[in-house]
Amino acid sequence: MKAARFYEVGKPLKIENVDIPRISDSEVLVRVRSCGICHTDLHFIDEGLIKPGKVPQIMGHEAAGDVVEVGERVKDVKVGDRVLIHFYFSCGECYYCRRGRESLCVSPEFQHFGFTTDGGYAEYAKAPARSIIKLPSQLPYDAGILVDAGSTAYHAVREIGKVRLGDFVVIIGSGGVGLCTLQMAKLSGATVMAVDISSDKLDAAKSLGADHVANPTVDNLYEEVRRLTDGRGADVIFELVGLSETMGRAVDILAKGGRLVFIGYSKDDLTINPRRLVTGELQIVGSRASSRYETVEVVNLVRDGRFKLDPLITHRVSLDEVNEGLDLVRRGESIRVVVRP
Ligand SMILES: [Zn+2]
Ligand SMILES: [Zn+2]
């Protein structure tokens with residue numbers, strides 16, 4: 001089969017012919033029809049900030065497709081099912097998994113599709129049956145992006161950010177996950193400001209329901225947020241960029257008792273004197289991906305027409321064009337690019 005594999009930081013993925021994965025009795029084999037390109041891929045390919053589990057490795061962690069083979073012990077998934085692959089292959093049995101916090105799984109068997117094991121930039125991919133989510137017939141294969149972009153936003157807004165009716169929410173970084181976070185915050189009843197340096201992304205944010213948008217290269221974010229909140233500041237901020245500059249700005253616009261939620265990160269560190277946390281009762285927290293159950297919830301939101309998927313997909317490329325697709329992400333010219341193997 002054809003696959004796009006990572007070899008070295010700073011080098012393009014190599015399109016190669018490799019063997020179709022062999023499945024165990026608890027796994028399924030999926031003919032991949034769509035796999036989203038995520039900004040996190042650049043943390044491997046450009047920065048070396050995340051190391052793959054092996055080299056070479058097939059990248060891609062937002063995959064959907066058709067089941068073509070199932071292991072002998074697999075009961076709930078059948079050949080012909082249209083499915084998503086939830087990208088955290090958590091064990092289901094450790095302390096964290098049993099408490100529903102699958103993205104924190106500590107099992108030595110924990111694998112991370114497209115991170116520590118072969119992913120979805122390939123014609124075929126294998127996954128444990130328990131990480132498979134059925135795709136309702138109304139949803140296209142490009143719903144693969146929901147396993148990361150959509151459900152990461154759901155988890156961040158609902159579980160970690162605890163956004164409530166009437167909150168003033170600021171989203172710093174309005175790419176794929178940012179626009180999903182925007183939609184989830186709106187569904188939770190918040191007033192939402194989307195922030196980005198790209199006017200195209202801010203236009204997309206407006207069309208997806210942002211109440212306010214701001215471009216920090218031209219707008220004074222501090223003044224704007226104070227003005228819109230009677231001087232209070234933002235109740236919840238989602239940080240999807242993680243650069244020194246954006247992180248510092250986020251702390252400055254947080255209301256007393258407010259919550260700053262990190263979804264994105266870079267090499268940069270956040271420096272803050274704890275006195276600011278104490279005197280303002282500020283909370284600074286991280287949010288990591290989602291559980292399989294949360295992804296099912298997001299799929300249901302799309303099926304019911306409450307969460308918009310189509311406007312998030314701006315480009316479609318073939319597997320041979322995956323490096324061009326990554327270039328679109330690098331240049332910030334896309335919301336979500338999907339590969340169609
Ligand atoms: Zn991702
Ligand atoms: Zn576990």
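What counts, and at which threshold
Residues numbered from 1 in each chain as written. Chains lettered and ligands numbered in written order. Predicted model: local features only at pLDDT ≥ 70, side-chain atom pairs only at ≥ 80, totals over all residues. Helix = DSSP H or I, 4+ residues; strand = E, 2+ residues; numbered from the N terminus. Rg over C-alpha atoms; globule rule 2.2 N^0.38 Å. Buried ≥ 20, exposed ≤ 12 C-beta atoms within 10 Å, placed from the backbone. Arc of directions from axis to C-beta. Axes fitted to C-alpha atoms, helices over the stretch in contact; angles between N-to-C directions. Parallel < 35°, antiparallel > 145°, perpendicular 65-115°, else oblique. Contact = placed C-beta atoms within 7 Å. Nonpolar A, V, L, I, M, F, W, Y, C, P; charged D, E, K, R; others polar. Pairing = 2+ DSSP bridges. Core = buried A, V, L, I, M, F, W, Y, C linked by C-beta atoms within 7 Å. Right-handed = clockwise from strand over helix to strand, strands pointing away. Domains from an automatic or database assignment.

## A few points about the overall build of the chain
Along its length, the chain carries ten helices and 18 strands. Here the C-alpha radius of gyration of the chain, 20 Å, is about what a compact globule of 341 residues would show, namely 20 Å. If you line up the chain on its principal axes, its C-alpha atoms span 60 × 40 × 40 Å.

## Focus on helix H7 (residues 244-252)
Considered for burial, the residues of H7 that qualify are Thr-246, Met-247, Arg-249 and Ala-250. The buried residues of H7 occupy an angular sector of 165° when the element is viewed end-on, so they sit on one face.

## Brief notes about the packing of helix H3 (residues 149-160) against helix H9 (residues 292-303)
Where H3 meets H9, the closest approach of the two axes is 9 Å, and the angle between their N-to-C directions is 105°. Regarding the angle of H3 to H9, the classification is roughly perpendicular. Contacts between H3 and H9 involve Gly-150, Ser-151, Tyr-154 and His-155 on the former and, on the latter, Glu-294, Thr-295, Glu-297 and Val-298. Looking at the contact of H3 with H9 residue by residue, the classes come out as two nonpolar, four polar and two charged.

## With respect to the sheet that holds strand E13 (residues 212-214)
Strand order in the open sheet formed by six strands is E13-E12-E11-E14-E15-E16, with parallel pairing between adjacent strands. Looking at strand neighbours, the two that pair on one side only are E13 and strand E16 (283-286), the edges of this open sheet. Across the sheet, the mean angle from the axis of one strand to that of its neighbour is 20°, orientation sign disregarded. Where strand E15 (residues 254-262) meets E16, four bridges bridge the pair, whose relative direction is parallel.

## Some thoughts on the environment of Gly-80
Here Gly-80 lies in the loop between strand E5 (63-70) and strand E6 (82-85). Sequence-wise, Gly-80 and Val-30 are 50 residues apart; in three dimensions their C-alpha atoms are separated by 9.4 Å. The contact partners of Gly-80, leaving out residues within four places of it in the chain, are Asp-66 and Val-67.

## Concerning the nonpolar core
If you look at the biggest cluster of nonpolar residues, it comprises 105 residues, and the most contacted ones within it are Val-28, Ile-85, Tyr-121 and Ile-237. Aside from chain neighbours lying at most four places away, what touches Val-28 is Ile-23, Val-67, Glu-69, Val-70, Gly-71, Val-74, Val-77, Lys-126, Ala-127, Ala-129 and Ile-132.

## Things to note about the pairing of strand E11 (residues 168-172)
In terms of burial, E11 is largely enclosed, as five of its five residues are buried. Side chains Phe-168, Val-170 and Ile-172 project from E11 onto one buried face, and the interleaved Val-169 and Ile-171 project onto a second face that is buried too. Alignment of E11 against strand E12 (residues 191-195), held across five bridges, turns out to be parallel. Its bridge partner being in E12, Phe-168 is matched across the sheet by Thr-191.

## Some details on the pairing of E12
Of all five residues making up E12, four are buried, and the element is well covered by its neighbours. Taken together, E11, helix H4 (residues 176-187) and E12 constitute a β-α-β crossover, and its handedness is right-handed. For E12 and E13, the ladder comprises three bridges, and the chain directions are parallel. The partner of Ala-194 across the bridge, within E13, is Val-213.

## Let's talk about unusual backbone geometry
Of the consecutive residues Val-55 and Pro-56, the connecting peptide bond is found in the cis state with omega at -5°. Relative to the helices and strands, Pro-56 is located in the loop between helix H1 (40-45) and strand E4 (57-58). Even without being a glycine, Asp-230 presents a positive backbone phi close to 55°. Among the structural elements, Asp-230 can be located in the loop between helix H6 (221-228) and strand E14 (234-239). In this structure, Glu-281 takes a positive phi of about 45° despite not being glycine.

## A few points about the sheet that holds strand E1 (residues 2-6)
Spatially, the three strands line up as an open sheet ordered E2-E1-E4, and their pairing is antiparallel. Of all the strands in the sheet, the pair left with one neighbour each is strand E2 (14-17) and E4. Sheet topology note: the E1/E4 ladder contains two bridges and is antiparallel. By the bridge assignment for E4, Arg-5 is matched with Ile-58.

## Quick word on the domain arrangement of the chain
Examined at the domain level, the chain breaks down into domain 1 (2-147 + 290-340) and domain 2 (151-286). The centre of domain 1, based on its C-alpha atoms, is set 27 Å off from the matching centre of domain 2. Every contact between the two is made by 18 residues of domain 1 and, on the other side, 15 residues of domain 2. The biggest single contributor to the side of domain 1 that touches domain 2 is H9, with four residues. Looking at the side of domain 1 that touches domain 2 residue by residue, the class counts come to nine nonpolar, four polar and five charged.

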